[in-house]
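What follows is the residue order along each chain.
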Amino acid sequence: MSSYESFSIEVKDHIAHVQFSRPEALNTMNKAFWLELPRCMQDIEANTDARVIVISSTGKHFSAGMDLGVFSDSKAVPMNGDPGRMAENLRRVVLQLQDTLTSLEKIRLPVLAAIHGGCIGGALDLVCAADSRYCTEGAYFTIKETELGMTADVGTLQRLPKLMPEGVVRELAYTGRKFSATEAQNLGFVNAVYADQEVMLAAVMDIAGQIAANSPLAVTGCKEMLNYSRDHSVEDSLKYMATWQAGMFRPTDMMKTFQAKAQKQAPQYDALFPVKPLFDQ
């Protein structure tokens, strides 16, 4: 695998553990982060045997959100010239930032976010794109952008209403207030709350291990169907499910499961083919 400025990566027992590695900067999402995250996800798919990804962090906070240096780069975001052309350029920049976080949804592996400390602004956008979220008792979340004078633009306002009640999301967006780990759990945003980071990581790794022990084809099918169903009608989703099953279902993994259970052993499933570029150079 490649090395990254923003992350450290360890792959063990079919679990890829991605940790933010800039604690001295509160793991702010700088220019390198936005470029590296989708590459990191693609790298894991193409070059490891991982079947699930755990994202955690280091230092005081999970992440303090967007590094404002991203928008102070005059090459990426020109601040003078024709207003229409500047607006068209900014729209493309925002779409590129959105695509960075959408990489967590596009990857066929489940992504589990283990959150401690502050999950602020852009970091909240990121964890909204994960499959499941877990946090420590001291964790907190905030749609910080409103307080800074802008509208959150890379995913929170689009994904959070699918994860918790819309009226609450509107309050959180309009006020920019912090919401705690307890409130996040009560609203269904996080699956579980743990005493500290060590306990949380142990528990999340256990969950990741349970996922990795299942047929990777069945798991990626679950992710594909759940993401599709979130964005489509029940009728359309059922039709897509039928088409997926007709094309992807094979009895091989089921037979391995039954044989392993009969022998009181853990089933051993074949890996999915790695995701590669269309033509390897």
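To be clear, the structure that these remarks concern was listed above.
**What about the overall build of the chain?**
Argument step 1. Of regular secondary structure, the chain possesses eleven helices and nine strands.
Argument step 2. Expected size for 281 residues packed as a compact globule is a radius of gyration near 19 Å; at 20 Å, the chain falls within 12% of this value.
Argument step 3. Reported as C-alpha extents along the three principal axes, the dimensions of the chain are approximately 65 × 45 × 40 Å.
Argument step 4. The 281 residues of the chain split such that 45% are buried.
Argument step 5. Contacts in the chain between residues far apart in sequence, at least 24 positions, make up 69% of those at least 6 positions apart.
Argument step 6. Total accessible area on the chain stands at roughly 14900 Å², and carbon and sulfur atoms take up 56% of it.
Argument step 7. Of the charged side chains in the chain, 27 are positive and 33 negative; the average position of the first set lies 3 Å away from that of the second.

**So, the pairing of strand E3 (residues 52–56)**
Argument step 1. Within E3, five of the five residues are buried, which leaves it mostly tucked inside the rest of the structure.
Argument step 2. Because side chains alternate across E3, one face comprises the buried residues Val52, Val54 and Ser56, and the other comprises Ile53 and Ile55, equally buried.
Argument step 3. Handedness of the crossover is the feature at issue here: the chain leaves strand E2 (residues 15–20), passes through helix H1 (residues 31–47), returns alongside E3, and the resulting connection is right-handed.
Argument step 4. Bridging between E3 and strand E4 (residues 111–115) involves three bridges; their strand directions are parallel. Following the sheet pairing, Ile55 is matched in E4 by Ala113.

**Considering the packing of helix H9 (residues 216–231) against helix H10 (residues 234–248)**
Argument step 1. It is the contact of H9 with H10, at a shortest axis distance of 10 Å, that shows an interaxial angle of 160°. Judged by the inter-axis angle, H9 sits roughly antiparallel to H10. In terms of crossing hand, the pair formed by H9 and H10 is right-handed. Every residue of H10 that contacts H9 at Leu217, Gly221, Glu224, Met225, Tyr228 and Ser229 is listed here: Asp236, Ser237, Tyr240, Met241, Trp244 and Met248.
Argument step 2. Class assignment of the residues belonging to the contact of H9 with H10 gives a composition of seven nonpolar, three polar and two charged.

**Here's the deal with helix H2 (residues 83–106)**
Argument step 1. Helix length check: H2, at 24 residues, gives a terminal C-alpha distance of 33 Å against a target of 34 Å (1.5 Å per residue), a fit within 8%.
Argument step 2. As for H2, its buried residues are in contact with H1, E3, E4, helix H3 (122–128), helix H5 (156–159) and H9.
Argument step 3. Here H2 starts with a cap whose side-chain oxygen sits 3.2 Å from the backbone nitrogen of Gly84, and that cap is Asp82.

**Quick word on unusual backbone geometry**
Argument step 1. With a phi close to 55°, Asp13 is a non-glycine residue in the positive phi region.
Argument step 2. For Asp13, the location among the structural elements is in the loop between strand E1 (7–12) and E2.
Argument step 3. Classification of Asp13 by relative accessible area gives exposed; the value is 59%.
Argument step 4. Within the chain, His14 stands out as a residue other than glycine whose phi angle is a positive 70°.
Argument step 5. Here His14 shows up in the loop between E1 and E2.
Argument step 6. Under the relative-accessibility criterion, His14 is labelled partly exposed at 28%.

**So, the side chain of Thr142**
Argument step 1. One can find Thr142 in strand E7 (residues 140–142).
Argument step 2. A polar contact is formed between the side chain of Thr142 and the backbone oxygen of Gly176, at a distance of 2.8 Å.
Argument step 3. Setting aside chain neighbours within four positions, we find Thr142 in contact with Cys119, Ile120, Gly121, Leu124, Gly176, Arg177, Lys178 and Phe179.

Cut-offs and rules
Residues numbered from 1 in each chain as written. Predicted model: local features only at pLDDT ≥ 70, side-chain atom pairs only at ≥ 80, totals over all residues. Heavy atoms only, no water. Helix = DSSP H or I, 4+ residues; strand = E, 2+ residues; numbered from the N terminus. Rg over C-alpha atoms; globule rule 2.2 N^0.38 Å. Buried < 20%, exposed > 50% of the residue type's maximum accessible area, 1.4 Å probe, protein only. Contact = heavy atoms within 4.5 Å. Areas by Shrake-Rupley, 256 points an atom, 1.4 Å probe, with all protein chains shown as cover. Lys, Arg positive; Asp, Glu negative; His and termini not counted. Charge placed at Lys NZ, Arg CZ, Asp CG, Glu CD. Right-handed = clockwise from strand over helix to strand, strands pointing away. Pairing = 2+ DSSP bridges. Axes fitted to C-alpha atoms, helices over the stretch in contact; angles between N-to-C directions. Parallel < 35°, antiparallel > 145°, perpendicular 65-115°, else oblique. Left-handed = near helix turned anticlockwise from the far one by under 90°. Nonpolar A, V, L, I, M, F, W, Y, C, P; charged D, E, K, R; others polar. Expected span 1.5 Å × (residues − 1). Polar contact = N/O pair within 3.5 Å; in protein donor to acceptor, adjacent residues only side chain to side chain.

Geometric values such as these leave the question of function open.
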